[in-house]
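Read off the chains here:
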Amino acid sequence: MKNRIAFLILLIFGACVFYFGWTQIKIKPDTCGIVQSKIGGINDKIVIPGEFSWYWDFLIPSNAKLNVFDMKPYNTTKKISGNFQSYDVNGNYNDYLNYYFDYSISFSYTPEAILHLLKENYISDNEDFKTYLDNAAASLAQIASDYFLKRSAADSSFNPQSVKRDELVAAIASYKDFPELDLTIFSLTDFKLPNYSLYNRQKYTSIEEETGE
């Protein structure tokens, strides 16, 4: 009888040990998990749905936590707009130099990329990761817009949609600042360029009217 009770207690204890250390049941499809513990720090072994994983870190109360990250591609849109605050000779504001660029952007990434960002303190959790992705998208959109503005200032006939994707990706060199991310979609969906030609004509006309020439 005592042997049976001892065996039952041992069985229950073993089941509890197994359950508390068993991690892949705690994450959903299209996510990954990274274990962080007070004793062991950030674990290099990533928790993947459907792959068995067990961590002793969870056997010590309050020692470990499982950080869960979304693995679905990150899709977003970005709008970059502005103006050069152009005024005529009479001090009247005109909108000839207003501009905007609308982008569709998508990133994909690997669990190893997320682990690297976590270990390098770029992110601390899934919300931080989303912010990192959003900032990366905003940065690339701004650099692409600067590139388009520079081209349009030099050539009034320039059309941003004539720029091929490879040329654009090469132009936004800061993409290399985000080596963990795979830029799968980066397209210009709509835009308005500053109308330098109309602005210059209006400026010269105003000057002629002002001087009487």
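Everything in this summary refers to the structure shown in the same document. Along each chain, residue indices are assigned from 1 in the same order as the chain's sequence is written. For a predicted model such as this one, the threshold for reporting local features is a pLDDT of at least 70, and the threshold for listing and counting side-chain atom pairs is 80 or more; totals across whole chains, interfaces and linings nevertheless cover every residue. Hydrogen atoms and water are omitted, and side-chain values are computed over all heavy atoms in the structure.

1. Remarks on the side chain of Ser 37
Here is step 1: Runs of E in the DSSP output that reach at least two residues are strands. Runs of H or I that reach at least four are helices, and both are numbered from the N terminus. Within the fold, Ser 37 resides in strand β1 (residues 31-37).
Here is step 2: In this analysis, two residues are considered to be in contact whenever any of their non-hydrogen atoms come within 4.5 Å of each other. Discounting residues that sit within four places of it in the chain, Ser 37 has contacts with Asp 57, Asn 63 and Ala 64.

2. Things to note about the sheet that holds strand β6 (residues 182-192)
Here is step 1: An order of β4-β5-β6 is seen for the three strands of this open sheet, with the pairing classed as antiparallel. Edge strands, defined here as strands with exactly one partner in the open sheet, are β4 (74-82) and β6. The sheet shows a mean angle of 20° between the axes of neighbouring strands, direction not considered.
Here is step 2: For two strands to pair, DSSP has to find at least two bridges joining them. Relative to strand β5 (residues 99-108), β4 is paired through nine bridges, and the arrangement is antiparallel. Among the inter-strand pairings, Asn 75 is bridged to a residue of β5, identified as Ser 106. Think of each axis as a best-fit line through the C-alpha atoms, taken over the contacting stretch in the case of a helix, with angles from 0 to 180 degrees between the N-to-C directions.

3. Comments concerning the packing of aromatic side chains
Here is step 1: Note on aromatic pairs: the rings of Phe, Tyr and Trp (six-membered ring only in Trp) are paired at centre separations within 6.5 Å, and the planes decide the class, stacked below 30 degrees, edge-to-face beyond 60, tilted for the rest. Scanning the model with the defined rule gives ten aromatic pairs in all.
Here is step 2: Considering the side-chain rings of Tyr 99 and Phe 101, the 6.0 Å spacing of their centres and the 45° angle between planes classify their relative orientation as tilted. Accessibility assignment for this pair places Tyr 99 and Phe 101 in one class, buried.
Here is step 3: Ring centres of Tyr 147 and Phe 148 lie 5.9 Å apart, and the angle between their planes is 55°; this geometry places the pair in the tilted category. Exposure categories follow from relative accessible area, calculated using a 1.4 Å probe and restricted to protein chains: below 20% of the type maximum is buried, above 50% is exposed, and the middle band is partly exposed.

4. Brief notes about the environment of Phe 191
Here is step 1: Residue position: Phe 191 is located in strand β6.
Here is step 2: Along the chain, Phe 191 and Phe 101 lie 90 residues apart, while their C-alpha atoms are 4.3 Å from each other.
Here is step 3: Apart from residues no more than four positions distant in its own chain, Phe 191 is found in contact with Tyr 100, Phe 101, Asn 159, Pro 160 and Gln 161.

5. Let's talk about helix α2 (residues 111-119)
Here is step 1: Looking at α2, one finds that the buried residues are Pro 111, Ala 113, Ile 114, Leu 115, Leu 117 and Leu 118.
Here is step 2: In this fold, the buried residues of α2 make contact with β1, β2 (41-42), β3 (64-70) and α3 (126-154).
Here is step 3: The positive-phi residue at the C-terminal boundary of α2 is Asn 121, with phi of around 65°.

6. Comments concerning unusual backbone geometry
Here is step 1: At Asp 30, a position not held by glycine, the phi torsion is positive, near 65°.
Here is step 2: Here Asp 30 lies in the loop between α1 (2-21) and β1.
Here is step 3: Notably, Asn 121 is not glycine yet its phi reads approximately 65°, a positive angle.
Here is step 4: Position of Asn 121 relative to the elements: it lies in the loop between α2 and α3.
Here is step 5: Look at Asn 121 and you get exposed, because its relative accessible area is 69%.

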